[in-house]
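Residues per chain are reported as follows:
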Amino acid sequence: MGAIIFFINYYKSGLPVGSTTAALKQATFTFLFGGIFMKGCENLSIHIKKETLAIIAAVIIPSTISILMVYGLHNLKGTPEPFYSTLPTIFLIIPSTFIYAIIKRKQSHPK
C-alpha cells in the first residue's frame, strides 16, 4: 500500500518528499492496523448469529473505521493528495473484508 500511495501522490503532485511522507504514513498504518481491522472483521462474522447480518457488519464496520482513519491520517500535514491517497483503501478494504468474512464464517459455521 505504501508504494501505491507514493506513486499516486507523485503522479498527482510531483513532490517526491510529500509522496514519500504519504507512503510512509500509509505503510505504517497498514502494518500497525491492518491485522486489527481484519480480526474485527473475523470476530463480527463469527459472533453475530444471523449470517447475512454478520457478513454485512463484518464488511461495513471495519471498512468504515479504516477508511475514516486513513483519510484522517492523510489529512495531517505532509500528504499532498489526501483524497487520492485514501482511494486505494476504499477500493481494497471492502472486497477484502467481504471475502475474509465469508471464509471465516464458513470455517466457524460449517453446514
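Source: prediction; values computed, not measured.

Caption draft 1: Examining the overall build of the protein more closely. A tally of helices and strands in the protein yields four helices and zero strands. Taken from the N to the C terminus, the helices and strands of the protein come in the order α-α-α-α. Taking the principal axes of the C-alpha coordinates as reference, the protein spans close to 55 × 20 × 20 Å. Sorting the 111 residues of the protein into buried and exposed places 32% on the buried side. Long-range pairs, those at least 24 residues apart, make up 68% of the contacts in the protein with a sequence separation of at least 6. Summed over all atoms, the accessible surface of the protein reaches about 6700 Å², with 74% contributed by carbon and sulfur.

Caption draft 2: Structural view of helix H3 (residues 51–75). With 25 residues, H3 should reach 36 Å at 1.5 Å per residue; the first-to-last C-alpha distance of 36 Å fits that figure. Taken together, the buried positions of H3 are Ala54, Ile55, Ala57, Ala58, Val59, Pro62, Ser63, Ser66, Ile67, Val70 and His74. Packed against the buried residues of H3 are helix H1 (2–13), helix H2 (16–47) and helix H4 (82–108).

Caption draft 3: Broad picture of the packing of H2 against H3. The interhelical angle for the contact between H2 and H3, taken along N-to-C directions, is 160°, at an axis separation of 9 Å. On the basis of their axis angle, the class for H2 and H3 is roughly antiparallel. Between H2 and H3 lies a crossing of right-handed hand. Contacts between H2 and H3 pair Ala22, Lys25, Gln26, Phe29, Phe33, Phe37, Gly40, Cys41, Leu44 and Ser45 from the former with Ala54, Ala57, Ala58, Ile61, Pro62, Ile65, Ser66, Met69, Val70, Leu73 and His74 from the latter.

Caption draft 4: Expanded view of the environment of Ser45. Summarising the element assignment, Ser45 is placed in helix H2. Each C-alpha atom, one on Ser45 and one on Met1, is 25 Å from the other, the two residues being 44 residues apart in sequence. In this structure Ser45 touches Ala54, Ala58, Ala101, Lys104 and Arg105, once residues within four positions along its chain are discounted. Engagement of the side chain of Ser45 in a polar contact is seen with the backbone oxygen of Glu42, the distance being 2.9 Å.

Parameters and conventions
Residues numbered from 1 in each chain as written. Predicted model: local features only at pLDDT ≥ 70, side-chain atom pairs only at ≥ 80, totals over all residues. Heavy atoms only, no water. Helix = DSSP H or I, 4+ residues; strand = E, 2+ residues; numbered from the N terminus. Buried < 20%, exposed > 50% of the residue type's maximum accessible area, 1.4 Å probe, protein only. Contact = heavy atoms within 4.5 Å. Areas by Shrake-Rupley, 256 points an atom, 1.4 Å probe, with all protein chains shown as cover. Expected span 1.5 Å × (residues − 1). Axes fitted to C-alpha atoms, helices over the stretch in contact; angles between N-to-C directions. Parallel < 35°, antiparallel > 145°, perpendicular 65-115°, else oblique. Left-handed = near helix turned anticlockwise from the far one by under 90°. Polar contact = N/O pair within 3.5 Å; in protein donor to acceptor, adjacent residues only side chain to side chain.

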